[in-house]
Amino acid sequence: MSAEVLVELHPSPGRRIFSAMTMGMLAAILIYLSLLIAPDFLLSALFLLAGLATGWLAWWQFQSSATVIELTREVLATREGDVLARVQDIERVERGVFAMKPSQGFLLRLVDPQPRAYVPGVYWRIGRRLGIGGITNSGQAKAMAQTLEALIAEREA
């Protein structure tokens, strides 16, 4: 991006590793159950399929969560260039205790519905809601939310 980056949001390396290892352990347990404990072929095949799918999800989560979210005056986007939301399209920031937001993060209400997007532990977007957080650094997420609130207040003034 050519514009000046105001705030960056990095996933926490420890949380990335822990979440991928947890899903990987679940995959290993399911595969173990399929090979040694399941009483019949159908249940064994189901456990094996679930274990392989969970293992793939753990790998996908670890790979995709390496992204960094950057905030400029115009846009909220990943470092790779995927635009999450334009600042002009953000209606409000929700980060209260009872907000339906990701852990260690915040929720953005957008003016218009956007296409769905999902990067496990980093962000998700469904309709007019964009949740940012999960395995991200809580201090950086708070700084980004406060900066977004300031940009929205500046825009409305």
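Read on for an overview of the structure. Being a predicted model, the structure only gives us computed values, none of them experimental.

The rules behind these values
Residues numbered from 1 in each chain as written. Predicted model: local features only at pLDDT ≥ 70, side-chain atom pairs only at ≥ 80, totals over all residues. Heavy atoms only, no water. Axes fitted to C-alpha atoms, helices over the stretch in contact; angles between N-to-C directions. Helix = DSSP H or I, 4+ residues; strand = E, 2+ residues; numbered from the N terminus. Parallel < 35°, antiparallel > 145°, perpendicular 65-115°, else oblique. Left-handed = near helix turned anticlockwise from the far one by under 90°. Nonpolar A, V, L, I, M, F, W, Y, C, P; charged D, E, K, R; others polar. Pairing = 2+ DSSP bridges. Salt bridge = Lys/Arg side-chain N within 4 Å of Asp/Glu carboxyl O. Buried < 20%, exposed > 50% of the residue type's maximum accessible area, 1.4 Å probe, protein only. Phe/Tyr/Trp six-rings, centres within 6.5 Å; stacked < 30°, edge-to-face > 60°. Expected span 1.5 Å × (residues − 1). Arc of directions from axis to C-beta. Contact = heavy atoms within 4.5 Å. Polar contact = N/O pair within 3.5 Å; in protein donor to acceptor, adjacent residues only side chain to side chain.

1. What to know about the packing of helix α1 (residues 13-37) against helix α2 (residues 41-64)
Thought 1: The geometry of α1 relative to α2 is characterised by a closest axis approach of 7 Å and an angle of 165° between their N-to-C directions. Put simply, α1 runs roughly antiparallel to α2. α1 and α2 meet at a crossing whose hand is left-handed.
Thought 2: Residue composition of the contact of α1 with α2, by class: 15 nonpolar, nine polar and one charged.

2. Quick notes on the sheet that holds strand β2 (residues 69-71)
Thought 1: Read from one edge of the open sheet, four strands run β1-β2-β3-β4, paired in antiparallel fashion. Each edge of the sheet is formed by a strand with only one pairing partner; in this case those strands are β1 (7-9) and β4 (83-86). In this sheet, adjacent strand axes meet at a mean angle of 15° when their direction is disregarded.
Thought 2: Inspection of the sheet shows strand β3 (residues 75-78) paired to β4 by three bridges, in the antiparallel sense.

3. Brief notes about the pattern of salt bridges
Thought 1: For the coordinates displayed, the defined rule picks out nine salt bridges.
Thought 2: A salt bridge links Glu8 to Arg79; its shortest N-O distance comes to 2.7 Å. Separated by 71 residues along the polypeptide, Glu8 in strand β1 and Arg79 in the loop between β3 and β4 bring together distant segments of the chain.
Thought 3: Overall, the relative accessible area of 28% leaves Glu8 in the partly exposed class.

4. Quick word on the packing of aromatic side chains
Thought 1: Using the criterion set out here, one finds two aromatic pairs in the structure.
Thought 2: Between Trp56 and Trp60, the ring centres sit 5.9 Å apart and the planes meet at 5°, which makes this aromatic pair stacked. Taken together, the residues Trp56 and Trp60, both in helix α2 and four residues apart, mark about one turn of the helix.
Thought 3: For the pair Trp60 and Tyr118, a centre-to-centre distance of 5.9 Å together with 55° between the ring planes defines the contact as tilted. In this pair, Trp60 sits in helix α2 while Tyr118 sits in strand β6 (residues 106-119), placing the two residues 58 residues apart along the sequence.
Thought 4: For Trp60, a relative accessible area of 28% gives the class partly exposed.
Thought 5: Cluster of aromatic residues (ring-pair linked, three or more members): Trp56, Trp60 and Tyr118.

5. Quick look at helix α3 (residues 138-156)
Thought 1: In this model α3 runs 27 Å from its N-terminal to its C-terminal C-alpha over 19 residues, within 8% of the 27 Å that 1.5 Å per residue would give.
Thought 2: Turning to α3, its buried residues number three or more, namely Ala141, Met144, Ala145, Leu148, Leu151 and Ile152. Projected down its long axis, α3 shows its buried positions confined to an angular sector of 125°, all on one face.
Thought 3: Close packing links the buried residues of α3 with β1, β2, β3, β5 (90-94) and β6.
Thought 4: The N-cap residue of α3 is Asn137: its side-chain oxygen and the backbone nitrogen of Gly139 are 2.9 Å apart.

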